[in-house]
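Geometric and topological summary
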Amino acid sequence: MLNGKRILLIIGGGIAAFKALDLIRRLRERGASVTPVLTQAGSEFVTPLSVSALAGMKVYRDLFDLTDEAEMGHIQLSRSADLVLVAPATADLMAKMAQGMANDLASTLLLATDTPVMIAPAMNVRMWDHPATQRNLATLRADGITVIGPNDGDMACGEFGPGRMAEPLEIVAALEGALRAGPLAGKRVLVTSGPTHEPIDPVRYIANRSSGAQGTALGAALAASGAEVVFVTGPADVAPPAGVQVVRVQTAQQMLEAVQAALPCDAAVFAAAVADWRVASASDRKLKKTRDGMPKLDFAENPDILATVSQMTQGRPALVVGFAAETNDVVENATAKRKRKGCDWIVANDVSPETGIMGGTENAVHLVSDAGVEDWPRMGKDAVAQELAARIAAALE
Ligand code: C5P
């Protein structure tokens, strides 16, 4: 719930501005008040009348509107909220923010505010991928701004890829996370989840039975504890949690790249079931049956993402947590694995088929750390996630 929370919502000029209307309703439904600010470009996409009708408030639009200055100066406006939300955040608005420009009402408010700022970027995929936008994004993150999305998908311009604004409910969940004074507020946590798919040829791949359920529960629990969560997921069965930044990958190599791009962070939890090997040279054509028998597949070792991050000499997260799915000698193997990989904790579980844990809703884990081994009772994956999130919060204090 967002009871009594005051959100200053800056609506930028992009096609995703239409989602800002629904966003206002969702925020108000949860008890928040929304003070809307519409940029000039934003008013090309949604009308001030619809925005003010939904917000139940006047829309602020112009820096030099004297009536507004008399009623409420822009400095006061920028500080009268619990959080400033920019949705959609266009490439132009992000560039202005990164440069500290203040040449219209929105940019002036963003420069003058002393409250937390959250942005939900939305733009064409190439604009998003452009080095300039990525530079601005890194600057904004370093300035402490929380970024929600963008999501992958079909875009209004007909292209496909990252650039779609996060859905209103995802933004609401992120806001709830940020405004809840949770124990992980202000912390950035990376989670990997799901299996990886390693291609054999364009239609076949090597995979594993990980559903992504434990990683998803963990992402949700960390977000609910107030963390900014970057959720790097392989092709999982379960949908990623709301209120996290989702990065979708297929292969172990892509997962490593996504993880490295998400650093720095305060803690990293590697719940993904990463394939240990990939086909050394995946065929770019579908392999055919031949009279000469089976195709011969050569394997190459995948990067060990957990070990790579655990052994970083600079910028290592303060807490690195690995998972160990074992079918025998669970604790012994996990203890050895913690040393070998160099992580701080290992969450070990028995994934023998008779346990029903792989793909199931329950888990029975052992937490291996330098303090020893804790055996947790069998419980729901959500409960394991909540307990782990609480432990992570305590460790980062
Ligand atoms: O060695 P094993 O695969 O059992 O280790 C499991 C742990 O290591 C998990 O936390 C998993 O996410 C991580 N891992 C990884 N990269 C790999 C293999 C495993 O991050 N290539």
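Residues numbered from 1 in each chain as written. Predicted model: local features only at pLDDT ≥ 70, side-chain atom pairs only at ≥ 80, totals over all residues. Heavy atoms only, no water.

**Examining the pattern of salt bridges**
What the rule picks out here adds up to 19 salt bridges. Between Arg26 and Asp22 there is a salt bridge; the shortest N-O distance is 3.1 Å. Taken as a pair, Arg26 and Asp22 lie in helix H1 (residues 17–29) at a separation of four residues, close to a single helical turn. Taking the relative accessible area as the measure of exposure, Arg26 reaches 22% and is therefore partly exposed. (Salt bridge = Lys/Arg side-chain N within 4 Å of Asp/Glu carboxyl O. Helix = DSSP H or I, 4+ residues; strand = E, 2+ residues; numbered from the N terminus. Buried < 20%, exposed > 50% of the residue type's maximum accessible area, 1.4 Å probe, protein only.)

**Overview of the pairing of strand E13 (residues 267–270)**
Here E13 shows two buried faces, one formed by Ala267 and Val269 and the other by Ala268 and Phe270. As paired elements, strand E8 (residues 188–193) and E13 share four bridges and run parallel to each other. By the bridge assignment, Val191 is partnered in E13 with Val269. In this structure, E13 lies alongside strand E16 (residues 319–326), joined through four bridges in parallel fashion. If you follow Ala268 over to E16, its bridge partner there is Val320. (Pairing = 2+ DSSP bridges.)

**A few points about the sheet that holds strand E17 (residues 345–350)**
The eight strands are arranged E12-E11-E8-E13-E16-E17-E19-E20 in an open sheet whose pairing can be described as mixed. The strands lining the two open edges of the sheet, one partner per strand, are strand E12 (245–248) and strand E20 (372–375). Shown here is a sheet whose adjacent strand axes are inclined to one another by a mean of 15°, direction ignored. (Axes fitted to C-alpha atoms, helices over the stretch in contact; angles between N-to-C directions.)

**What about the site of the ligand?**
Around the ligand, the neighbouring residues are Phe270, Ala272, Val274, Asp276, Pro303, Asp304, Ile305, Leu306, Gly322, Phe323, Lys337 and Lys341. Measuring from a nitrogen atom of the ligand, one finds a backbone N or O atom of Ile305 at 3.0 Å. Sorting the residues of the shell around the ligand by element identifies helix H12 (305–310), E16 and helix H13 (330–341) as the ones contributing at least two each. By residue class, the composition of the shell around the ligand is seven nonpolar, one polar and four charged. (Near = heavy atom within 4 Å. Polar contact = N/O pair within 3.5 Å; in protein donor to acceptor, adjacent residues only side chain to side chain. Nonpolar A, V, L, I, M, F, W, Y, C, P; charged D, E, K, R; others polar.)

**Digging into H1**
The first and last C-alpha atoms of H1 sit 19 Å apart over 13 residues, in line with the 18 Å expected at 1.5 Å per residue. Among the residues of H1, those classed as buried are Ala17, Lys19, Ala20, Leu21, Leu23, Ile24 and Leu27. Lining the buried residues of H1 we find strand E1 (6–11), strand E2 (33–38), helix H2 (48–55), strand E3 (83–89) and helix H9 (168–179). (Expected span 1.5 Å × (residues − 1). Contact = heavy atoms within 4.5 Å.)

**Focus: the state of the cysteines**
Under the criterion given, the structure shown has zero disulfides. Cys343 provides the cysteine sulfur closest to Cys265, a residue in no disulfide bond, and the two sulfurs are 14 Å apart. The exposure class assigned to Cys343 is buried, which follows from its relative accessible area of 4%. (Disulfide = S-S within 2.5 Å.)

**Some details on the packing of H1 against H2**
Relative to each other, H1 and H2 sit at 10°, their axes nearing to 9 Å. On the basis of their axis angle, the class for H1 and H2 is roughly parallel. Within the contact between the two elements, H1 uses Leu21, Ile24, Arg25 and Arg28 and H2 uses Ser50, Val51, Leu54 and Ala55. Class assignment of the residues belonging to the contact of H1 with H2 gives a composition of five nonpolar, one polar and two charged. (Parallel < 35°, antiparallel > 145°, perpendicular 65-115°, else oblique.)

**Some points on the packing of aromatic side chains**
By the definition in use, this model includes zero aromatic pairs. Just above the ring of Tyr60 sits the side chain of Lys58; from NZ or CZ to the centre is 5.7 Å. (Phe/Tyr/Trp six-rings, centres within 6.5 Å; stacked < 30°, edge-to-face > 60°. Lys NZ or Arg CZ within 6 Å of the ring centre and 35° of its normal.)

**Quick notes on the domain arrangement of the protein chain**
What the domain assignment lists for the protein chain is domain 1 (6–179) and domain 2 (188–395). Taking only C-alpha atoms, the centre of domain 1 and the centre of domain 2 are 34 Å apart. Contacts between domain 1 and domain 2 engage nine residues on the former and eight residues on the latter. For the pair domain 1 and domain 2, the summed buried surface comes to about 730 Å²; carbon and sulfur atoms form 46% of the total. (Domains from an automatic or database assignment. Buried area = accessible area lost by both parts, 1.4 Å probe.)

**Quick word on unusual backbone geometry**
Backbone torsion omega between Ala87 and Pro88 reads -5°, so that peptide bond is classified as cis. Tracing the backbone shows Pro88 in strand E3. The phi dihedral of Asp329 is positive, around 45°, even though this residue is not glycine. Using a relative accessible area of 48% as the deciding quantity, one classes Asp329 as partly exposed.

**Describing the sheet that holds E3**
Whenever strands of a sheet pair, they do so through backbone hydrogen bonds, lying parallel or antiparallel. With parallel pairing, the five strands of this open sheet are ordered in space as E2-E1-E3-E4-E5. Of all strands in the sheet, those bounded by a partner on one side alone are E2 and strand E5 (146–147). Across four bridges, E3 lies against strand E4 (residues 117–121) in parallel orientation. From the neighbouring strand, Ala89 faces E4, where its bridge partner is Pro121. Against the sheet, H1 contacts E1, E2 and E3, and its axis sits at roughly 175° relative to E1.

**What to know about helix H6 (residues 105–112)**
Of all eight residues making up H6, seven are buried, and the element is well covered by its neighbours. Looking at the buried positions of H6, the neighbouring elements they touch are E1, E2, helix H4 (74–79), E3, helix H5 (91–99) and E4.

**As for the environment of Gln134**
Structurally, Gln134 can be placed in helix H8 (residues 131–142). Residue classification places Gln134 among the partly exposed positions, given a relative accessible area of 30%. Once the C-alpha coordinates of Gln134 and Lys339 are considered, the two residues, 205 residues apart in sequence, prove to be 36 Å apart. Apart from residues lying up to four places away in sequence, Gln134 is in contact with Trp128 and Asp129.

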